[in-house]
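Residue-level structural notes
Residue-level listing of the chains:
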Amino acid sequence: MGIGTAAGAFALAACGTAPAAAPAAVQAPAGGSGGGVAAASTATPRCATADLEVLLGKPAEKNDAPGQYDIPLTYRNKTDHTCGLYGVPGVDLVGPDDATFGPVYHLPRIDNGVKYNEVTPGTTASATITVVKPSPGEPTWTPAKLNTIPPGSTSALTARWPADLPVLRQDAATHPGSYVNGILADPA
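Keep in mind the model is a prediction, meaning the values are calculated, not measured.

Moving on, we come to the state of the cysteines. Counting across every chain of the model gives one disulfide. Disulfide partner of cysteine 47: cysteine 83, at an S-S distance of 2.0 Å. Of note, the bridge from cysteine 47 to cysteine 83 carries an S-S torsion of about 85 degrees and is right-handed in sense. In this pair, cysteine 47 is assigned in the loop between β1 (37–38) and β2 (52–56) and cysteine 83 in strand β5 (residues 83–84), connecting sequence segments 36 residues apart. On the basis of relative accessibility, which here comes to 0%, the residue cysteine 83 falls in the buried class.

What follows concerns the sheet that holds strand β6 (residues 90–98). Strand order in the open sheet formed by four strands is β7-β6-β11-β12, and the pairing between neighbours is antiparallel. Looking at strand neighbours, the two that pair on one side only are β7 (102–106) and β12 (157–160), the edges of this open sheet. Taking each pair of neighbouring strands and ignoring which way they run, the sheet shows an average axis angle of 25 degrees. Relative to β12, strand β11 (residues 145–149) runs antiparallel, the two being bridged by four bridges.

Here β6 pairs with β7 via four bridges, running antiparallel. Its bridge partner being in β7, aspartate 92 is matched across the sheet by histidine 106. Between β6 and β7, which pair antiparallel and follow one another directly, the connecting turn spans three residues.

Turning next to the pattern of salt bridges. Tallied over the full model, the rule gives three salt bridges. A salt bridge links aspartate 171 to arginine 169, with the nearest nitrogen and oxygen atoms 2.9 Å apart. With a relative accessible area of 11%, arginine 169 lands in the buried category.

So, on to the packing of aromatic side chains. Applying the stated criterion across every chain, the model contains two aromatic pairs. On the numbers, 6.5 Å between centres and 70 degrees between planes, the contact of tyrosine 105 with tryptophan 141 is edge-to-face. Taken together, the residues tyrosine 105 in strand β7 and tryptophan 141 in the loop between β10 (124–132) and β11 connect sequence positions 36 residues apart. With a relative accessible area of 5%, tryptophan 141 lands in the buried category. One Lys or Arg, arginine 46, reaches over the ring of tyrosine 86 and ends 4.0 Å from the middle of that ring.

On to the environment of valine 180. Among the structural elements, valine 180 can be located in strand β13 (residues 179–181). According to the relative accessible area criterion, valine 180 is buried, its value standing at 0%. Sequence separation of valine 180 and asparagine 112 is 68 residues, and the distance between their C-alpha atoms is 9.7 Å. For valine 180, the contacting residues outside a window of four places in its chain are Val88, Pro89, Val91, Leu107, Pro108, Arg109, Ile110, Ala127, Thr128 and Ile129.

Looking now at the confidence of the model for the protein chain. When pLDDT is averaged across the protein chain, the result is 83; 77% of the residues are at 70 or more. Long-range and interchain partners of residues 1–40, a stretch whose pLDDT sits below 50, account for 71 contacts in this model, where long-range means more than four residues apart.

Further remarks concern the nonpolar core. Counting residues in each nonpolar core, the largest one holds 28 residues, and the members touching the most others are Leu93, Ile129 and Val131. When sequence neighbours within four positions are dropped, the list of residues in contact with isoleucine 129 reads Leu56, Tyr69, Asp70, Ile71, Leu73, Val91, Leu107, Leu146, Tyr179 and Val180.

All right, on to the environment of proline 134 then. Relative to the elements of secondary structure, proline 134 occurs in the loop between β10 and β11. A residue is classified by how much of its surface remains accessible, and proline 134, at 15% relative accessible area, is buried. In the structure, proline 134 is positioned 33 residues away from valine 167 in sequence and 6.1 Å away in space, judged by C-alpha atoms. Contacts of proline 134, omitting those with residues within four sequence positions, involve Pro139, Thr140, Pro166, Val167 and Leu168.

Criteria and cut-off values
Residues numbered from 1 in each chain as written. Predicted model: local features only at pLDDT ≥ 70, side-chain atom pairs only at ≥ 80, totals over all residues. Heavy atoms only, no water. Disulfide = S-S within 2.5 Å. Helix = DSSP H or I, 4+ residues; strand = E, 2+ residues; numbered from the N terminus. Buried < 20%, exposed > 50% of the residue type's maximum accessible area, 1.4 Å probe, protein only. Pairing = 2+ DSSP bridges. Axes fitted to C-alpha atoms, helices over the stretch in contact; angles between N-to-C directions. Salt bridge = Lys/Arg side-chain N within 4 Å of Asp/Glu carboxyl O. Phe/Tyr/Trp six-rings, centres within 6.5 Å; stacked < 30°, edge-to-face > 60°. Lys NZ or Arg CZ within 6 Å of the ring centre and 35° of its normal. Contact = heavy atoms within 4.5 Å. pLDDT = per-residue confidence, 0-100. Core = buried A, V, L, I, M, F, W, Y, C linked by side-chain atoms within 4.5 Å.

Next comes the structure, spelled out in structure tokens:
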């Protein structure tokens, strides 16, 4: 793993991109629950897209990785029944057409969330989106919106992307500094 991580950092540096903090490895799902979220049983149906609304939180720069931002991606159960929400959501950033990569940036997924969650009516569960902001002189690309497909679903929810947060496109990078993490139970 050390050689692969070093090679990825070298590849990013060779492209003129400072290596951003990326997850060291795909981690096994962690346990835990909190605030209206409990371990799911196999009898609990997964949350469908129609059961949820999506909320995008305020970006926060990482202390240990300047230029890299975490954005909470929160799903709220808007129904009157409990459903299971676990796994890694699909996330596409949609914006202006990039000459090399097009208008959609499909973020890689890192499976580091909880194994199972039950989300009771009105409560939430979240994933974190991590993105790299371009350094001065690097190409600027600012998404207009985010499309997300909750784990186990096939249709998307949409949220407006923060207009003041451009993203460095790393579509072809081996170890990009932009990715989406697995679902976590929200604290009380």
